[in-house]
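Each chain, letter by letter, is given below.
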Amino acid sequence: MIGKLRGIVDAMGESIVIIDVGGVGYEVQASARTLRSLQIGEEASLTIDTHVREDAIRLYGFATEVERGWFRTLQTIQGVGAKVALAVLGILSPSDLASAIALGNWQAVEQTPGVGKKIAQRIVAELKDKAPGLAIAGVSAGGGAGAKGAEADAAPAQSNAAAEAISALSNLGYQPVEAARAVAVAAKELGDDADTAKLIRRGLKELSS
């Protein structure tokens, strides 16, 4: 099984990228979000999920381990296959998806092309207990696709602050689902610049109300 690829971006299509690793081109399917972070001719490192079937071997690439974790988890939902899971991750970042689930905001998930109201509601309802764990996992996960600039630096920081706040509230005795919901409310109110301490304070206020 292939778990990771590091090489030069040789070509890109609407939903695939060709990674040249030592002269061998690997065709990798990826979300629109991941593809936007890649540039032809530059080096990229992708975490890979390998699907082996009788008629084909497909490689799915992700910027981080957390994104791959969400990809796998989404497919545990009835009616969600690899194509739909990639589409969801192309619209919502892992942190945005975790917040949507914590807040019960199925409308955000429904924005994904090919995802109707029933599937969106099912995703939010069935993953509410798993979202906190996946968000906390993001604390130690680094970027892999080579995103650049201030936006690339800000996104992991925001995700880490939220995950650390969820972990802290959980350590205080709150249920992970409750902690995730409170932090999601806090992040929405305080904005992208909120640090862990602010998220914890606002989360505690939300939990005590």
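Each chain has its residues counted from 1, following the order in which its sequence is written. Reporting in this predicted model follows two pLDDT cut-offs: at least 70 for local features of residues, and 80 or more for side-chain atom pairs to be given and counted; totals over whole chains, interfaces and linings ignore these cut-offs and use all residues. Computation of side-chain values covers all heavy atoms of the structure but excludes hydrogens and water.

K.L.:
Talk me through the overall build of the protein; I want residue IDs and the actual numbers.
P.N.:
Helix and strand assignments come from DSSP, with helices taken as H or I runs of at least 4 residues and strands as E runs of at least 2, each series counted from the N terminus. Regarding its fold elements, the protein presents ten helices and five strands. Considering only residue pairs separated by 6 or more positions, the protein has 56% of its internal contacts joining residues 24 or more positions apart. Surface exposure here means Shrake-Rupley accessible area, sampled with a 1.4 Å probe, where a residue is shielded only by the protein chains that are shown. As displayed, the protein offers around 10,900 Å² of accessible surface, 49% of which is attributable to carbon and sulfur atoms. Whether two residues are in contact is decided by their heavy atoms, any of which lying within 4.5 Å being enough.

K.L.:
Kindly report on the pattern of salt bridges, identifying the contributing residues and their values.
P.N.:
We count a salt bridge whenever a side-chain nitrogen from Lys or Arg sits within 4 Å of a carboxyl oxygen from Asp or Glu. What the rule picks out here adds up to five salt bridges. Two residues, Arg-202 and Glu-189, come together in a salt bridge whose shortest N-O distance is 2.9 Å. Of this pair, Arg-202 sits in helix 10 (residues 196-208) while Glu-189 is found in helix 9 (residues 176-190), placing the two residues 13 residues apart along the sequence. Categorising residues by exposure relies on relative accessible area from a 1.4 Å probe, with only protein chains included: less than 20% of the type maximum marks a residue as buried, more than 50% marks it as exposed, and the intermediate range marks it as partly exposed. Owing to a relative accessible area of 16%, Arg-202 belongs among the buried residues under this scheme. A salt bridge links Glu-206 to Arg-202; the shortest N-O distance between them is 3.5 Å. You can see Glu-206 and its partner Arg-202 sitting in helix 10, four residues apart, about one turn around the helix. For Glu-206, a relative accessible area of 29% puts it in the partly exposed group.

K.L.:
Describe in detail the sheet that holds strand 4 (residues 43-52), supporting the description with residues and values.
P.N.:
Here, a strand pair is defined by DSSP locating no fewer than two bridges between the strands. Read around the barrel, five strands follow the order 1-2-3-5-4 and close on themselves; strand pairing throughout is mixed. The average angle at which neighbouring strand axes cross in this sheet is 55 degrees, direction not considered. Summarising the sheet, strand 2 (residues 16-21) and strand 3 (residues 24-30) pair through six bridges and their orientation is antiparallel. Its bridge partner being in strand 3, Ile-16 is matched across the sheet by Gln-29. What counts as an axis is a line fitted to C-alpha atoms, over the stretch in contact for a helix, and the angles between N-to-C directions run from 0 to 180 degrees. Across the sheet, helix 2 (residues 65-74) touches strand 4 and strand 5 (57-62), and the angle it forms with strand 4 is around 25 degrees. Running at roughly 15 degrees to strand 5, helix 3 (residues 82-91) makes contact with strand 3, strand 4 and strand 5 of the sheet.

K.L.:
Tell me about the pairing of strand 3, and please be specific about residues and values.
P.N.:
Two successive antiparallel strands, strand 2 and strand 3, enclose a turn made up of two residues, where Gly-22 displays a positive phi of approximately 60 degrees. Pairing between strand 3 and strand 5: three bridges, direction parallel. Considered in strand 5, the bridge of Ala-30 is made with Gly-61.

K.L.:
Can you explain the packing of helix 2 against helix 3? Please cite residues and give values.
P.N.:
Two numbers describe how helix 2 lies on helix 3: the axes approach to 9 Å, and their chain directions differ by 135 degrees. Judged by the inter-axis angle, helix 2 sits oblique to helix 3. The way helix 2 lies across helix 3 gives a crossing that is right-handed. Within the contact between the two elements, helix 2 uses Glu-67, Trp-70, Phe-71 and Leu-74 and helix 3 uses Ala-82, Ala-85, Leu-86, Val-88 and Leu-89. Throughout this entry, Asp, Glu, Lys and Arg are counted as charged residues, while Ala, Val, Leu, Ile, Met, Phe, Trp, Tyr, Cys and Pro are counted as nonpolar. The remaining residues, Gly among them, count as polar. Looking at side-chain class alone, the contact of helix 2 with helix 3 contains eight nonpolar, no polar and one charged residues. Any angle that falls under 35 degrees is termed roughly parallel, while one over 145 is termed roughly antiparallel, one within 65 to 115 roughly perpendicular, and all others oblique. By definition, turning the near helix anticlockwise from the far helix through less than a right angle yields a left-handed crossing, and turning it clockwise yields a right-handed one.

K.L.:
So what's going on with the environment of Ile-123? Residues and values would help.
P.N.:
Of note, Ile-123 is situated in helix 6 (residues 117-127). A relative accessible area of 0% places Ile-123 in the buried class. Expressed as a C-alpha distance, the spacing of Ile-123 and Gln-75, which sit 48 residues apart in the sequence, is 9.6 Å. Apart from residues lying up to four places away in sequence, Ile-123 is in contact with Leu-74, Ile-77, Val-80 and Val-109.

K.L.:
Any details on helix 9? Residues and values, ideally.
P.N.:
Multiplying one less than the number of residues by 1.5 Å gives the expected span of a helix. With 15 residues, helix 9 ought to run about 21 Å at 1.5 Å a step, and its terminal C-alpha atoms sit 20 Å apart, in line with that. For helix 9, the full list of buried residues reads Val-177, Ala-179, Ala-180, Ala-182, Val-183, Ala-184 and Ala-186. Immediately beyond the C-terminal end of helix 9, within one or two residues, lies Gly-191, with a positive phi of roughly 90 degrees.

K.L.:
Residues and numbers for the confidence of the model for the protein, please.
P.N.:
Overall, the predicted model of the protein reaches an average pLDDT of 83, with 86% of residues at or above 70. The quantity known as pLDDT measures the predictor's confidence residue by residue, on a range of 0 to 100. pLDDT under 50 marks residues 138-144. Its contacts with residues more than four places away, or in other chains, come to 15 contacts. Throughout residues 146-157 the model reports pLDDT below 50, and contacts reaching past four residues in sequence, or to other chains, amount to five contacts.

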